[in-house]
Amino acid sequence: MRKPKRLQLFAASAAALLAGCSLIPSYQRPAAPITTSYPAYGNAAAPVTANADSAADLAWQDFFPDSHLKGLIERSLANNRDLRVAVLNIEQTRAQYQIRRADQFPSINGVFSGSRTPAAGGSITSLYTVGLAVTAYELDFFGRVRSLKEAALGQYLATEEGRKTAQISLIAAVANSYLSILADEELLDITRQTLATREESMKLSKLRFNNGVTSELDYRQAESLTEAAHVAYAQQQRQRALDENALTLLVGQPLGDELPTSGEQAARLAQTQPMADVPAGLPSDLLTHRPDIRQAEQLLLSSNANIGAARAAFFPRISLTVGAGSASNELSGLLKSGSWGWTLAPQLVLPIFDAGRNQAGLDSAKVARDIAIAQYEKAIQTAFREVADALATRATLADQLQSQQAQANAEAVRFKLSDLRYQNGIASALDLLDAQRSLFTARQAVVQTRLAQLQSQVTLYKTLGGGWKESTQDAASAESLPRP
């Protein structure tokens with residue numbers, strides 16, 4: 001009765017040793033190399049309230065109010081090739097992790113072998129075997145295999161965070177491209193109106209010049225402004241086409257009727273519903289809200305686990321080969337009574353001299369860990385800078401838009417007064433043409449600033465980690481879909 005108890009005790013001790021021995025350094029998250037608060041940018045920043053949802057907790061369906069934009073985002077999430085590659089990378093790294101995880105367990109194989117060798121007297125000796133075999137299964141006493149599994153797990157989790165980062169970037173790019181096209185349409189409408197006004201002015205200047213009322217200089221100035229409007233119109237048409245092509249690439253398939261047609265809904269950008277205002281929170285929130293920072297930390301954990309595998313290389317490696325089956329000199333005797341047997345072949349390999357290979361491997365793993373730390377800290381600093389830039393943009397664009405709208409209103413009044421004075425012969429044609437040029441420039445600036453303001457809201461949402469969560473209703477619908 002003692003032997004079974006001793007065997008049980010030995011097995012339990014071995015299992016505890018296999019489960020408890022790990023040479024992976026204890027992980028401590030590096031301190032965030034940023035300040036505890038964002039810089040203050042005037043009074044335009046939204047106040048942070050205790051119950052406010054963070055950008056990362058706000059689903060993109062709830063952030064964007066435009067139904068056309070929502071449709072484009074949904075199609076891009078289903079068809080964009082960059083996002084598809086990110087998803088496939090997850091599948092690949094998951095498979096690699098499963099391979100490393102499987103290394104912790106013995107592989108049992110069915111084996112059949114036969115051999116014929118010459119013997120004394122010219123005869124031939126035959127040997128046939130069939131059975132099950134476990135070949136070179138490593139007893140992971142020092143955690144080498146487990147460390148490699150942890151490293152693969154870190155890589156797998158990092159690719160999952162990378163997919164979320166790709167989705168965030170894709171959603172922001174689709175939204176910004178959509179807003180750019182709306183701005184293009186509004187600019188085209190302004191240019192068409194300006195072009196019609198300038199052509200009318202040029203005709204009038206030509207008539208006055210032909211009748212000797214004005215000089216050729218006035219006519220040529222009107223002609224120059226008209227051609228400048230033609231140039232601006234061609235440039236804006238080209239930009240409209242380029243922006244649509246860019247959006248088509250992001251969506252991953254030809255666009256439908258989500259975009260306004262030429263001359264239709266020209267004031268759409270000005271009438272765009274405001275997007276949800278999101279609080280900036282604290283810089284420390286970025287550590288949990290931004291997938292790219294979590295991705296960098298998972299890569300750091302993977303590098304940390306590789307150190308454990310490199311340390312284990314200095315210790316003995318114990319492998320076990322086990323076989324059980326039947327052996328016979330004849331094929332017909334393989335399954336007969338008395339032909340069954342088993343073999344046990346443990347092997348211990350102790351490193352003695354490797355010309356510094358193991359030490360170099362450990363040094364390389366430590367340097368890789370230090371590189372991962374620097375990359376993790378850089379990811380935090382980059383995220384802080386992006387949020388700070390977005391906050392600065394949001395805080396200043398509102399005042400800029402208000403002032404530029406007031407300037408455009410003043411230029412519109414100035415143009416009317418100049419036209420009235422010119423018609424009554426009080427002002428020169430130069431004054432009228434200058435007022436036309438200033439009004440055109442001011443109206444364009446208003447559209448461009450309004451575009452920048454809307455895109456800054458998208459950028460702030462992106463930099464705060466928003467865009468990778470689905471709304472509760474859409475997530476439930478996705479779960480209910482049949483799986484292939």
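Residues numbered from 1 in each chain as written. Predicted model: local features only at pLDDT ≥ 70, side-chain atom pairs only at ≥ 80, totals over all residues. Heavy atoms only, no water.

So, about the packing of helix H4 (residues 81-102) against helix H5 (residues 144-210). Packed helix pairs are characterised by how far apart their axes lie and by the angle those axes make with each other. Running from N to C, H4 and H5 point in directions that differ by 170°, and their axes come no closer than 8 Å. Between H4 and H5, the interaxial angle falls into the category roughly antiparallel. In the contact of H4 with H5, the residues fall into 12 nonpolar, 6 polar and 6 charged. (Axes fitted to C-alpha atoms, helices over the stretch in contact; angles between N-to-C directions. Helix = DSSP H or I, 4+ residues; strand = E, 2+ residues; numbered from the N terminus. Parallel < 35°, antiparallel > 145°, perpendicular 65-115°, else oblique. Nonpolar A, V, L, I, M, F, W, Y, C, P; charged D, E, K, R; others polar.)

Strand order in this open sheet of 4 strands is E1-E2-E3-E4, and the pairing throughout is antiparallel. At either end of the open sheet lies a strand with only one pairing partner, and these are strand E1 (108-118) and strand E4 (340-349). Each adjacent strand pair in this sheet contributes to an overall mean axis angle of 25°, direction not counted. Two strands pair when backbone bridges link them, and strand E3 (residues 317-328) and E4 are joined in this way by 10 bridges, in the antiparallel orientation. Its bridge partner being in E4, Ile-318 is matched across the sheet by Leu-348. (Pairing = 2+ DSSP bridges.)

This next bit is on unusual backbone geometry. Unusually for a residue other than glycine, Ala-136 sits at a positive phi of about 50°. Along the chain, the position of Ala-136 falls in strand E2 (residues 124-139). For Ala-136, a relative accessible area of 49% translates into the label partly exposed. The residue Ala-355 is not glycine, and still its phi comes out positive at about 60°. In this structure, Ala-355 sits in the loop between E4 and helix H9 (357-423). (Buried < 20%, exposed > 50% of the residue type's maximum accessible area, 1.4 Å probe, protein only.)

Predicted coordinates in regions of low pLDDT should not be interpreted in detail. On average, residues of the protein chain carry a pLDDT of 85, and 88% of them reach 70 or more. Under a pLDDT of 50 for its full length, residues 44-50 has, in the predicted model, 8 contacts with residues more than four places off or in other chains. (pLDDT = per-residue confidence, 0-100. Contact = heavy atoms within 4.5 Å.)

Attention shifts here to helix H8 (residues 291-312). For H8, built from 22 residues, the straight-helix expectation of 32 Å at 1.5 Å per residue is met to within 8% by its first-to-last C-alpha distance of 32 Å. Buried residues dominate H8, accounting for 16 of its 22 residues. (Expected span 1.5 Å × (residues − 1).)

Now for the environment of Ala-452. Looking at the element boundaries, Ala-452 is found in helix H10 (residues 429-463). You can call Ala-452 partly exposed: its relative accessible area is 29%. Residues Ala-452 and Leu-401, 51 residues apart in the sequence, show an inter-C-alpha distance of 9.5 Å.

Moving on, we come to H10. Each full turn of the α-helix corresponds to 3.6 residues, which orients residues three or four apart in the same direction. In this model H10 runs 50 Å from its N-terminal to its C-terminal C-alpha over 35 residues, within 8% of the 51 Å that 1.5 Å per residue would give. In the segment just after H10, Gly-465 is the residue with positive phi, at about 90°.

Under the defined criterion, the tally for this structure stands at 7 aromatic pairs. Measuring from ring centre to ring centre gives 6.2 Å for Tyr-97 and Tyr-156, while their planes differ by 10°; the resulting arrangement is stacked. Here Tyr-156 lies in helix H5 and Tyr-97 lies in helix H4, a separation of 59 residues in the sequence. An identical accessibility class is assigned to Tyr-97 and Tyr-156; each is buried. Connected via pairs of aromatic rings, a cluster forms that spans Phe-63, Phe-64 and Tyr-461. The lysine or arginine in question, Lys-164, covers the ring of Trp-468, its NZ or CZ lying 4.3 Å from the ring centre. (Phe/Tyr/Trp six-rings, centres within 6.5 Å; stacked < 30°, edge-to-face > 60°. Lys NZ or Arg CZ within 6 Å of the ring centre and 35° of its normal.)

Now for a nonpolar patch on the surface. On the surface, a nonpolar cluster with roughly 530 Å² of combined accessible area is contributed by Leu-348, Leu-350, Ile-352 and Phe-353. On the secondary structure map, Phe-353 appears in the loop between E4 and H9. The exposure class assigned to Phe-353 is exposed, which follows from its relative accessible area of 73%. (Patch = residues over 30% accessible without salt bridge, like charges linked within 9 Å, V, L, I, M, F, W, Y side chains within 5 Å. Areas by Shrake-Rupley, 256 points an atom, 1.4 Å probe, with all protein chains shown as cover. Salt bridge = Lys/Arg side-chain N within 4 Å of Asp/Glu carboxyl O.)

What follows is about the pairing of E1. Of all 11 residues that make up E1, 0 are buried, and the element is exposed over most of its length. Pairing analysis gives 11 bridges linking E1 to E2, with the strands arranged antiparallel. Pairing of Thr-117 across the sheet is with Thr-125, part of E2.

Another aspect to go through is the pattern of salt bridges. All told, the structure shown has 24 salt bridges when counted by the stated rule. Ionic pairing is found between Asp-57 and Lys-469, a salt bridge with its closest N-O pair at 3.2 Å. Here Lys-469 lies in the loop between H10 and helix H11 (472-480) and Asp-57 lies in the loop between helix H1 (2-20) and helix H2 (60-63), a separation of 412 residues in the sequence. Where Glu-216 meets Arg-220, a salt bridge forms, and the shortest distance between an N and an O atom there is 3.1 Å. In this pair, Glu-216 and Arg-220 both sit in helix H6 (residues 216-251), 4 residues apart, roughly one turn of the helix. The class of Arg-220 is partly exposed, set by a relative accessible area of 40%.

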